[in-house]
Protein chains: 4
Amino acid sequence: MFRYLTAGESHGPQLTAIIEGLPAGTRLAADGIDRDLARRQQGYGRGDRMKIETDTVAILSGVRWGETLGSPVTLVVRNRDWENWQEKMSPLAAHRQEGGAVTRPRPGHADLTGALKYGHDDVRNILERSSARETAVRVAVGAVAKALLREFGVTVGGFVTEVGGIAAHQPERPFEELWSIAAQSELFCCDREAELEMKRLIDFSQADGDTLGGVVEVQVIGVPPGLGSHVQWDRKLDARLAMALMSVQAIKGVEVGIGFDAARRPGSRVHDELFRDEGRLGQGAATAYYRQTNRAGGIEGGMSNGEVIVLRAAMKPIPTLYKPLRSVDMQTHEPYEAAVERSDTCAVPAALVVAEAVVAIEIANAFLEKFGGDSVAEIRRNYEGYRTQVRNA
Amino acid sequence: MFRYLTAGESHGPQLTAIIEGLPAGTRLAADGIDRDLARRQQGYGRGDRMKIETDTVAILSGVRWGETLGSPVTLVVRNRDWENWQEKMSPLAAHRQEGGAVTRPRPGHADLTGALKYGHDDVRNILERSSARETAVRVAVGAVAKALLREFGVTVGGFVTEVGGIAAHQPERPFEELWSIAAQSELFCCDREAELEMKRLIDFSQADGDTLGGVVEVQVIGVPPGLGSHVQWDRKLDARLAMALMSVQAIKGVEVGIGFDAARRPGSRVHDELFRDEGRLGQGAATAYYRQTNRAGGIEGGMSNGEVIVLRAAMKPIPTLYKPLRSVDMQTHEPYEAAVERSDTCAVPAALVVAEAVVAIEIANAFLEKFGGDSVAEIRRNYEGYRTQVRNA
Amino acid sequence: MFRYLTAGESHGPQLTAIIEGLPAGTRLAADGIDRDLARRQQGYGRGDRMKIETDTVAILSGVRWGETLGSPVTLVVRNRDWENWQEKMSPLAAHRQEGGAVTRPRPGHADLTGALKYGHDDVRNILERSSARETAVRVAVGAVAKALLREFGVTVGGFVTEVGGIAAHQPERPFEELWSIAAQSELFCCDREAELEMKRLIDFSQADGDTLGGVVEVQVIGVPPGLGSHVQWDRKLDARLAMALMSVQAIKGVEVGIGFDAARRPGSRVHDELFRDEGRLGQGAATAYYRQTNRAGGIEGGMSNGEVIVLRAAMKPIPTLYKPLRSVDMQTHEPYEAAVERSDTCAVPAALVVAEAVVAIEIANAFLEKFGGDSVAEIRRNYEGYRTQVRNA
Amino acid sequence: MFRYLTAGESHGPQLTAIIEGLPAGTRLAADGIDRDLARRQQGYGRGDRMKIETDTVAILSGVRWGETLGSPVTLVVRNRDWENWQEKMSPLAAHRQEGGAVTRPRPGHADLTGALKYGHDDVRNILERSSARETAVRVAVGAVAKALLREFGVTVGGFVTEVGGIAAHQPERPFEELWSIAAQSELFCCDREAELEMKRLIDFSQADGDTLGGVVEVQVIGVPPGLGSHVQWDRKLDARLAMALMSVQAIKGVEVGIGFDAARRPGSRVHDELFRDEGRLGQGAATAYYRQTNRAGGIEGGMSNGEVIVLRAAMKPIPTLYKPLRSVDMQTHEPYEAAVERSDTCAVPAALVVAEAVVAIEIANAFLEKFGGDSVAEIRRNYEGYRTQVRNA
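Nothing here was measured: the structure is a model prediction, and the numbers come from that model.

### Structural notes on the relation of the copies chain A and chain B
Of the transformation placing chain A onto chain B, the axial shift is 0.0 Å and the rotation is 180°, giving an RMSD of 0.0 Å. Here the symmetry operator amounts to a two-fold rotation axis. For chain A, the smallest separation between a C-alpha atom and the rotation axis is recorded for M243 of chain A, amounting to 2.3 Å. Looking at chain A, 100% of its interface residues are interface residues in chain B too, so the copies touch through the same face.

### Brief notes about the sheet that holds strand β3 (residues 57-61) of chain D
All names here are of chain D. Across the sheet, which stays open at both edges, the 4 strands sit in the order β1-β2-β6-β3 with antiparallel pairing between neighbours. Taken across any chain shown, the strands that pair with only one partner, and hence form the sheet edges, are β1 (3-7) and β3. Adjacent strand axes in the sheet meet at a mean angle of 20° when their direction is disregarded. As paired strands, strand β2 (residues 14-20) and strand β6 (residues 73-78) are joined by 6 bridges and run antiparallel to one another. For T16, the partnering residue across the bridge sits in β6 and is V76.

### What to know about the relation of the copies chain D and chain C
Each copy of the sequence occupies a distinct position, and chain D is placed on chain C by a rotation of 180° and an axial shift of 0.0 Å, giving an RMSD of 0.0 Å. A share of 100% of interface residues in chain D that are also interface residues in chain C marks the association as one of identical surfaces.

### A short note on the interface of chain A and chain B
Counting residues at the interface gives 106 residues for chain A, matched by 106 residues for chain B. With both sides pooled, the region where chain A packs onto chain B buries about 8400 Å², and carbon together with sulfur makes up 61% of that total. Residue E273 of chain B pairs with R326 of chain A through a salt bridge whose shortest N-O separation is 2.8 Å. For the pair chain A and chain B, the interface holds 39 residue pairs in polar contact (both at pLDDT 80 or more). Broken down by element, the side of chain A that touches chain B gets its largest block of residues, 7 residues, from helix α8 (residues 237-246) of chain A. Looking at the side of chain A that touches chain B, its residues break down into 47 nonpolar, 31 polar and 28 charged.

### What about the UniProt feature "binding site: NADP(+)" (unreviewed entry) in chain A?
All names here are of chain A. UniProt's feature table lists "binding site: NADP(+)" (unreviewed entry) at R40 and R46, given in the numbering used throughout. Topologically, R40 is positioned in helix α1 (residues 30-41). The class for R40 is buried, based on a relative accessible area of 5%. Its location among the elements puts R46 in the loop between α1 and α2 (48-52).

### Observations regarding the interface of chain D and chain C
Of the residues lining the interface, 106 residues belong to chain D; the matching set on chain C comes to 106 residues. Summed over both sides, the interface between chain D and chain C buries roughly 8400 Å², with carbon and sulfur atoms accounting for 61% of that surface. Viewed at the interface, chain C and chain D are joined by 4 salt bridges. R264 of chain D serves as the salt-bridge partner of E162 of chain C, at 2.8 Å between the closest nitrogen and oxygen. Taken together, the connections running from chain D to chain C amount to 40 residue pairs in polar contact (both at pLDDT 80 or more). No other element matches helix α8 (residues 237-246) of chain D, which puts 7 residues into the side of chain D that touches chain C. Residues that form the side of chain D that touches chain C fall into these classes: 47 nonpolar, 31 polar and 28 charged. The sheet contact formed by strand β10 (residues 251-256) of chain C and strand β10 (residues 251-256) of chain D spans 3 bridges and is antiparallel. From the neighbouring strand, V254 of chain C faces β10 of chain D, where its bridge partner is V254 of chain D.

### Brief notes about the UniProt feature "binding site: FMN" (unreviewed entry) in chain A
Residues and elements named next belong to chain A. Under the present numbering, the feature "binding site: FMN" (unreviewed entry) in UniProt falls on R129, S130, S131, Q249, A250, G301, K316, P317, I318, P319, T320 and R342. Relative to the helices and strands, A250 is located in the loop between α8 and β10 (251-256). If we ignore the near neighbours within four places in the chain, the residues touching A250 are A314, M315 and K316.

### Description of the packing of helix α1 (residues 30-41) of chain B against helix α5 (residues 135-150) of chain B
Residues and elements named next belong to chain B. For the pair α1 and α5, interaxial distance at closest approach is 9 Å and the crossing angle is 140°. As the angle between them shows, α1 and α5 are arranged oblique. Between α1 and α5 lies a crossing whose hand is right-handed. Every residue of α5 that contacts α1 at I33, D36, L37, R39 and R40 is listed here: T135, A136, V139, A140, A143, V144 and K146. Residues of the contact of α1 with α5, tallied by class, amount to 7 nonpolar, 1 polar and 4 charged.

Parameters at a glance
- Residues numbered from 1 in each chain as written.
- Chains lettered and ligands numbered in written order.
- Predicted model: local features only at pLDDT ≥ 70, side-chain atom pairs only at ≥ 80, totals over all residues.
- Heavy atoms only, no water.
- Least-squares fit on C-alpha atoms with pLDDT ≥ 70 in both.
- Contact = heavy atoms within 4.5 Å.
- Pairing = 2+ DSSP bridges.
- Helix = DSSP H or I, 4+ residues; strand = E, 2+ residues; numbered from the N terminus.
- Axes fitted to C-alpha atoms, helices over the stretch in contact; angles between N-to-C directions.
- Buried area = accessible area lost by both parts, 1.4 Å probe.
- Salt bridge = Lys/Arg side-chain N within 4 Å of Asp/Glu carboxyl O.
- Polar contact = N/O pair within 3.5 Å; in protein donor to acceptor, adjacent residues only side chain to side chain.
- Nonpolar A, V, L, I, M, F, W, Y, C, P; charged D, E, K, R; others polar.
- UniProt positions renumbered as here; feature names shortened; annotations may be inferred.
- Buried < 20%, exposed > 50% of the residue type's maximum accessible area, 1.4 Å probe, protein only.
- Parallel < 35°, antiparallel > 145°, perpendicular 65-115°, else oblique.
- Left-handed = near helix turned anticlockwise from the far one by under 90°.

Written out as structure tokens, the structure is:
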């Protein structure tokens, strides 16, 4: 079981994650993780804060000489600005300051509800943890999951498909190629024309003091049929993936395959017909069975079906706008216009990287559940045995 | 913690659920549960099977003299057709029959993948459990969750908003009224005109041998601010609700609030501004804070914010069509055209009832987590204390 | 993952269990389960109730034609006396009776605390669930776990080692032989002389109105090295086994291997030295490594080490005595002398059967975690691969 | 829910723990935690390593200005000797060294089994994590649990009751006094005479190259009746406590109350009779009900009953002896005599501190489950409400 907890406040000394359940023998290096951390910080439409920060990970347990040991992995992403926050965010009672509390909850954030729930007077005690900053360390966890999956030929990637209502056209090419194209794009988008339009909209929104959301699509290639299970509600792979994606800050919708569009078409144009071609086995396919379409997005009956897994998530616009939103001060109970604390206009590309991460984690979890094992060598043996079983079916 | 497991095959003797973690003192009667079981079997577009079955629940533990005891509750929904399946689905080795295996996996079902994963030659061993029949007992579990929530003034309802691409217009009325309107409709729809059009489309699809999906919307009224938490990914209320909804057979997309539409609007038209009016407290509101809009769908930062929780789920069309889909026999490896085993054209109204159930379960779970307690009296006391705390904030 | 929930009151219509996570292809028959149910009801020192009841199990899901399907298994043990309790334990509000509440909590039971915790006026609402009657269905769950383990050559058995302070001498013979000897004994004991003495003590206690506890020892043979893990506190096999054993009604102590005695010896007489003999591989041993002693009881570092797993559990005497214990009526607050509701003098043999069951469940759980897989065939392949890996180490 | 994961190798840069589920408003300071870290390092019979190390904790998230925020708490205990191990335990592939692998598994450790399970050639990859060094950070987690419990008047303490078979006599005094006496003792023992004898035995064992185990007893004072539950096997408080204690390195036996002794006495001398005295309420008792004896150790029916919780754990002697144990080299397959890597003779006092920690964690967990709530203020309100309920029963 791949389980993990994250910890850390936005302006605390560091973000920390502990991952439990990794097998021994996974090749893992900090710079592989750092690549995803850097991707998360890119993207057209980010404010200045992103530019000064360059996140890097430190691996503080569970890895020795480039390979996992089987023991828990500790990942740390340090806050480069910590020295400016040492007293404000200090654990020491002696550092308590009167005054300076944040009392103005921002619409669209956890601020008001968090303060009510936890009984805090200082909204900072909520916003420090609810911030999307936490996703940095989740991206690191996801990079570890990707490293594990890579040992078994499973790869995770994606691209941005919409920004502010502008939809990209998806070229008919293998996903790996699309990932390369997207990697060249400042908006992780595969459609250069749409990208230009998106950028114009971002520029306009920025000038207008507004913000933009969008839609990201994640694909997982090389997943064998049979991860997840139909037998109990909480073992369904799509259910777990939906949970993972919806747990990402600012995500408001999740789709598998053609998603909501499936609700609008007749059944004859939704379900993927089944075919068989023994020749595919020679080309590395897991089974001779295949589908010519993949509207299901690689999951049927709560299980991966061997096709590419395709997921989409809708991100709402960043809730902190220059153009102010009305709110109420929790101390004075007076109305005010909500302050801007950060200045991104569009963080959809970052959301893609986070979405990839949480998807990779769930796939890794389901993979380990299906194949058991404590070392990559053992899992590979189990996996190969299953591949043979399935090839012969 | 409200946890549950379901068990049972579609043509086995019964479906069973065990619910663990219910407090003592919840008023619970079988006929309250049966109402939701009956609702699940209604709806324009169902085939004949639904009409002969009339599901009822038996409560076999955890309830005494109309109240829960605090011990696990066992719910059973018997299969009225069991006598015709006694040997085919018998647990006894002596009843094994040669021949008669289902070897033809249906597209859009768990059939092929399930058979590969579990190593079954007889696809019946998969389809019996993956069938949407299982949702009958989940509806029963959901009815128990509703009964618990009712003790605290929390109610769950909903309606169908789309069938086969035809969208209903949602009148501007309180949700309770809309629920009443929907209850009168054969499609659980609040828009009579759209309903007529939907029915015509269903008739046409049926004649055409095709099937239809749709979209359902569930609302939860009376949820206090602060269920779920922003502090860890797996405690976010929206994440758990997304998991619950996506775990329902045939669901391919989930939205909270305006969902995907949030990705298409500027931030200034997405986030719900905050206001305060002490006068609301006299009218039973949980806090003086309020929003004039509810695009967030009642959840911000992974927590209920005190507004109505609004969720939407997209159901794909039933994958068993008269108009056949191409598939492959797993024994002969020959292509064939997929057989029809049941004959519903549209099961979207049933999906609404199931969606309500799984939403109620997660809200109940989050409610118990927040307020602790082992009896309704204790939880009520804790809940009232929190209400006072929040009123005064 | 082998997870399960049980439900049911002592005098309710039935006990129910749902087991989730069983692989497909486990051979399973009700009469195999019934054998353990019958064993649980035997034993010198039981009262009359045990004699009239003959528990049998019904398998109501997850098994077809003698094999598990991979879907959840429902087990039911019906209450043969239900017709006499139908109204007293009815779920219907209409059956509520004034008067007749149990208001006298028995010392040594859950009665008083349960009533305080759940806010019940009628102690029956607690005692019905806290009763050791629940262990009947846990024994059934354990029998399923044993059936799974048997597919992999793992067997679970045990014997009674103490009753009321009289210790049995353990002959130096293979455990399988000891199990056979114990099976012939009315006290599941391997020492005929001690058994005679124990029976005399039971007779004396019965005459004296007193009750007796004892110690049971469970062994698991054929467990490969490497179940459980040292890497995280909650994955340690001994920790999980201790939880399982301590969760059995009336158990107050648990030991692994020589247990408390290990605390009293010098290290040089506690730790099991390691040896190697390639010849053992030809005789079916999992590895060439072995130990000449097994004071560790087959678990080191939170993992099975390949030796026989040996566990001991201490059962307190039955708390319902003819010789009355002082207590207080919860309604009148008057002292009284606690009533006898059942009449066993000694239930240690039954505790052995329950202990075997919960141990089998945890071993099965750890086995599935280690080897993954969804069918017995797949698990066997994974297991054989691991055996080869370990043989060659 | 108080859940936690620990991570870190014995000679890695640090041990890390993340605690999830702490309410806001718990007063918490590093020096409070450090006190228990220091206690863990004390005790007659420790080798030199313990003397140079002085563990201190750093709190890196979840606490601000002396109070918990409700967000996850990160605890770090740094390895003061890390600079000497930087390359040997480096995460970098570039630091891999040929040669230097540990190939000699020590009897009584995880070494051999761990290497087989995880497929490691270098036993260091196991022993670094299985080492009792990990308990340092568990003690830190336990100190946080104690801080939470202290807010509600619940205190955890204990003493050593046996070393190497020498049993201490327990004076008849309140436990708080005994804790003070034990705190003065180099063996955390309340019996000066026995302590002298234990020290002599330790000196003798050290001279003889042998090691010693012992028994520790932990008490929890101020626990209200009703933590845990009888309704499901995995909710029983004694089961969870047994798991927690057995998960501690080197523990081989666990008892609740009089434990194994309960199996040896007649029922009339085991069960604690119930009494009632309204006068007790004026003195701060939770209920008017009480027992004159506490053989049950404060837990009946899987629930705390309001009496002091009393638990005992048996620790085996340290498995690394000067007096060598026979073993086998995993590379050469040649026998050898097991090397000494550390040099404690007796670590029973340290085990007491760890046992207190894991007990505090489980009690805190059960407390939060019973009373819900997100802030100390809210939990206190819920708790007081329950106390009133129980007083009036």
